[in-house]
Amino acid sequence: MSRGRRISRVKLIPPSEETADRYLLECDHKRLYQSPESFPKLTAKEIFNAGGPISLDIGCGTGEFLLATAETHPEEFFLGIEISRRAIYHAVHLAEKRKLANLKFLKADFALLYPLIPEKSLNRVYLNFPDPNYGGAKKRKQRIFSPRFLDLMAAALNKDGRIQVVT
């Protein structure tokens, strides 16, 4: 996306059913909160029907970073997580244009996904440009980047895994 472009300017165009089946996963927030055990675990076996660890991009936005990374590492599996429907639809359209088989996007609130991430199941975790002042002091507990996040991601990473946070 070009510099200065806002996500609100991206058209909300739902992907075709075939494209959505290939690239898009969605979790209903209320059901995810009430019964996380009813959702599949965030593993390569559950999401890609393949073995090995996956890499997560939390708050992937329109997916440019994740698309470029997935193109450069076709042997790895990538999952982009985003809460914005407009952004995730745009990312899915870009993935369809590039015909990537090692990439999927999940529309969900990441804060509710912790129970779905097994230990030693992740290769990398990307958190690019988290909002440091999201909601001010009142919403401090809702910020993704926190000591709890670091503890849970450290447990979820395999022995060679890495967390990459860019601010």
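Residues numbered from 1 in each chain as written. Predicted model: local features only at pLDDT ≥ 70, side-chain atom pairs only at ≥ 80, totals over all residues. Heavy atoms only, no water.

Glancing now at the overall build of the protein chain. A tally of helices and strands in the protein chain yields 6 helices and 6 strands. Listed by position from the N terminus, the elements making up the protein chain come as α-β-α-α-β-α-β-α-β-β-α-β. Per-residue burial for the protein chain yields a buried fraction of 42% across its 167 residues. Restricting the contact set of the protein chain to residue pairs at least 6 apart, pairs at least 24 apart contribute 77%. For the protein chain, the exposed area adds up to about 9900 Å²; of that, 51% sits on carbon and sulfur atoms. (Helix = DSSP H or I, 4+ residues; strand = E, 2+ residues; numbered from the N terminus. Buried < 20%, exposed > 50% of the residue type's maximum accessible area, 1.4 Å probe, protein only. Contact = heavy atoms within 4.5 Å. Areas by Shrake-Rupley, 256 points an atom, 1.4 Å probe, with all protein chains shown as cover.)

With the rule as written, the count across this model stands at 3 aromatic pairs. Where Phe65 meets Tyr126, the ring centres are 5.0 Å apart and the plane angle is 75 degrees; that geometry is what we call edge-to-face. Separated by 61 residues along the polypeptide, Phe65 in helix 4 (residues 64-72) and Tyr126 in strand 5 (residues 122-128) bring together distant segments of the chain. Look at Phe65 and you get partly exposed, because its relative accessible area is 32%. Arranged with centres 5.2 Å apart and planes meeting at 75 degrees, the rings of Phe110 and Tyr114 form a pair that is edge-to-face. Assessed through its relative accessible area of 3%, Phe110 is described here as buried. The lysine or arginine in question, Arg31, covers the ring of Phe39, its NZ or CZ lying 4.3 Å from the ring centre. (Phe/Tyr/Trp six-rings, centres within 6.5 Å; stacked < 30°, edge-to-face > 60°. Lys NZ or Arg CZ within 6 Å of the ring centre and 35° of its normal.)

Next up on the list: the nonpolar core. One finds Leu42, Ile54, Phe110, Leu113 and Leu122 to be the most contacted residues of the largest nonpolar core, which totals 28 residues. Counting 17 residues, the second largest nonpolar core, distinct from the first, contains Cys60, Phe78, Ala95 and Phe105. (Core = buried A, V, L, I, M, F, W, Y, C linked by side-chain atoms within 4.5 Å.)

Strand order in the open sheet formed by 6 strands is 1-4-3-2-5-6, and the pairing between neighbours is parallel. Two strands bound the open sheet, and with one partner strand each, they are strand 1 (24-26) and strand 6 (157-166). The average undirected angle you get between the axes of adjacent strands in this sheet is 20 degrees. Alignment of strand 5 against strand 6, held across 6 bridges, turns out to be parallel. Each residue of the ladder has a partner; that of Arg124, found in strand 6, is Arg162. Along the sheet, helix 5 (residues 85-98) makes contact with strand 1, strand 3 (77-82) and strand 4 (103-107), crossing strand 4 at roughly 165 degrees. Its contacts with the sheet place helix 6 (residues 147-156) against strand 2 (54-58), strand 5 and strand 6, and it is angled at close to 145 degrees to strand 6. (Pairing = 2+ DSSP bridges. Axes fitted to C-alpha atoms, helices over the stretch in contact; angles between N-to-C directions.)

This part is about the pattern of salt bridges. Overall, the coordinates contain 4 salt bridges when judged by the stated rule. The partner of Glu26 in a salt bridge is Arg85, and the shortest N-O contact between them spans 2.9 Å. Residue Glu26 is located in strand 1, and its partner Arg85 is located in helix 5; the two are separated by 59 residues in the primary sequence. In this structure Glu26 comes out as partly exposed when scored by relative accessible area, which is 42%. Note on Arg85: relative accessible area 34%, which makes it partly exposed. A salt bridge links Glu96 to Lys99; its shortest N-O distance comes to 2.6 Å. Accessibility expressed as a relative area gives 18% for Glu96, which makes it buried. (Salt bridge = Lys/Arg side-chain N within 4 Å of Asp/Glu carboxyl O.)

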